[in-house]
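Structure assessment
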Amino acid sequence: MKTSRRLGLVLLSLALCACQQEAQGRQPSSTPPAPVKPLVTDVTAKDYVGPTLPRAHVRLKDAFGGVHRVEVEVAATRDSRERGMMWRTEFAEGKGMLFLFPQESMQGFWMRNTLIPLDIIFITADLRIAGIVSRAVPRSMETRSVGAPSQYVLEVPGGWAEKVGLRKGSPVEFEGVSNLRIDP
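I will try to describe carefully the structure that is included in this document. The model shown is predicted, which means the values in this text are computed figures rather than measured ones.

1. Remarks on the overall build of the protein chain
The helix and strand inventory of the protein chain stands at three helices and seven strands. Across the protein chain, helices and strands are ordered from the amino to the carboxyl terminus as α-β-β-α-β-β-β-β-α-β. Each of the 184 residues in the protein chain was classed as buried or not, and the buried ones make up 37%. The long-range fraction of contacts in the protein chain, counting pairs at least 24 apart against all pairs at least 6 apart in sequence, stands at 69%. Counting every atom, the protein chain has about 11500 Å² of accessible surface; 55% of that belongs to carbon and sulfur.

2. A closer look at the sheet that holds strand S2 (residues 67-75)
One open sheet accounts for seven strands, arranged S5-S4-S6-S3-S2-S1-S7; its pairing is mixed. In this open sheet, the two strands that pair with only one neighbour each are strand S5 (129-136) and strand S7 (172-175). Across this sheet, the average inter-strand angle for adjacent strands is 30°, counted without regard to direction. With seven bridges connecting them, strand S1 (residues 55-61) and S2 associate as antiparallel partners. Among the inter-strand pairings, Leu60 is bridged to a residue of S2, identified as His68.

3. Regarding a negative patch on the surface
Where like charges cluster on the molecular surface, the negative patch consists of Asp42, Asp47, Asp79 and Glu82. The topology assignment puts Asp42 in the loop between helix H1 (2-23) and S1. Look at Asp42 and you get partly exposed, because its relative accessible area is 40%.

4. A look at the pattern of salt bridges
Counted according to the given criterion, the structure contains eight salt bridges. A salt bridge links Glu93 to Lys163; the nearest nitrogen and oxygen atoms lie 3.0 Å apart. Highlighted residues: Glu93 in the loop between helix H2 (78-83) and strand S3 (95-105) and Lys163 in helix H3 (residues 160-164), separated in sequence by 70 residues. The same class applies to Glu93 and to Lys163, which are both exposed. Where Glu162 meets Arg135, a salt bridge forms, and the shortest distance between an N and an O atom there is 3.1 Å.

5. Some points on the layout of surface pockets
Roughly 400 Å³ of volume is contained in the largest pocket. Along the wall of the largest pocket there are 20 residues; nearest its centre are Gly50, Pro51, Leu53, Ser80 and Arg83. Residue assignment for the lining of the largest pocket shows that the elements contributing at least two residues are S2 and H2. In terms of residue count, the dominant contributor to the lining of the largest pocket is H2 (three residues). Its residues placed into classes, the lining of the largest pocket shows 10 nonpolar, five polar and five charged. Of the voids in this model, the second largest pocket is the one considered here, and its volume is about 280 Å³. At the level of secondary structure, the elements contributing two or more residues to the lining of the second largest pocket comprise H2 and S3. With four residues, H2 is the largest single contributor of residues to the lining of the second largest pocket. Per-class residue counts for the lining of the second largest pocket are eight nonpolar, four polar and six charged.

6. Some details on the nonpolar core
Membership of the largest hydrophobic core comes to 22 residues, with the highest contact counts inside it found for Leu60, Leu98 and Leu154. Contributions of two or more residues to this core are made by S1, S2, S3, strand S4 (118-123), strand S6 (150-157), H3 and S7. Ignoring anything within four residues of it in the chain, the contact list for Leu60 reads Gly66, Val67, His68, Val70, Ile129, Leu154, Trp160, Leu166, Pro171 and Val172.

Here is what the cut-offs are and how they apply
Residues numbered from 1 in each chain as written. Predicted model: local features only at pLDDT ≥ 70, side-chain atom pairs only at ≥ 80, totals over all residues. Heavy atoms only, no water. Helix = DSSP H or I, 4+ residues; strand = E, 2+ residues; numbered from the N terminus. Buried < 20%, exposed > 50% of the residue type's maximum accessible area, 1.4 Å probe, protein only. Contact = heavy atoms within 4.5 Å. Areas by Shrake-Rupley, 256 points an atom, 1.4 Å probe, with all protein chains shown as cover. Pairing = 2+ DSSP bridges. Axes fitted to C-alpha atoms, helices over the stretch in contact; angles between N-to-C directions. Patch = residues over 30% accessible without salt bridge, like charges linked within 9 Å, V, L, I, M, F, W, Y side chains within 5 Å. Salt bridge = Lys/Arg side-chain N within 4 Å of Asp/Glu carboxyl O. Lys, Arg positive; Asp, Glu negative; His and termini not counted. Charge placed at Lys NZ, Arg CZ, Asp CG, Glu CD. 1 Å grid on protein atoms, 1.4 Å probe; cavity = no way out; pocket = protein on both sides within 12 Å on 5 of 7 lines; lining within 4 Å. Points joined across faces, edges and corners; volume = space filled by probe spheres on them. Nonpolar A, V, L, I, M, F, W, Y, C, P; charged D, E, K, R; others polar. Core = buried A, V, L, I, M, F, W, Y, C linked by side-chain atoms within 4.5 Å.

Interpretation note: all reported values are geometric properties and have no functional meaning in isolation.
Shown next as structure tokens:
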């Protein structure tokens, strides 16, 4: 008795669904809807779509006392730091990406799936330039480091650091990052 009651409820539900589709001007379909394309979860994949990154500014003092302000996207999560500048085809002067790490340590960066040359500026916890890797070659798995601990890393268009006269030891200031949470 229970089985026939359940079967009756299922048939009634299907009939109501067909009537609703007909009332809306659609013909009932015997084919299932197309499957939904799964979200890409590999942050290194070309078609990965991540969240919009927070924006901030970095001020860097050059060897001659001038100050250069860079508008940055802030990578403060593990996924955003891993994704970095992958798959981008251009990077305007005056723009950058700032990587925030939870603590100062030896940082190493590679250019896998990065299509444009970058300058990689390593910054200490006390906001001084620890060193600069100039014009890092795109699409390389070679690890770039400056051999000194850093807590922050700024990527800018290749050749920019030399062009504006940045040097090891120069002071750096952040604007708009103090309230951001840094994920381990």
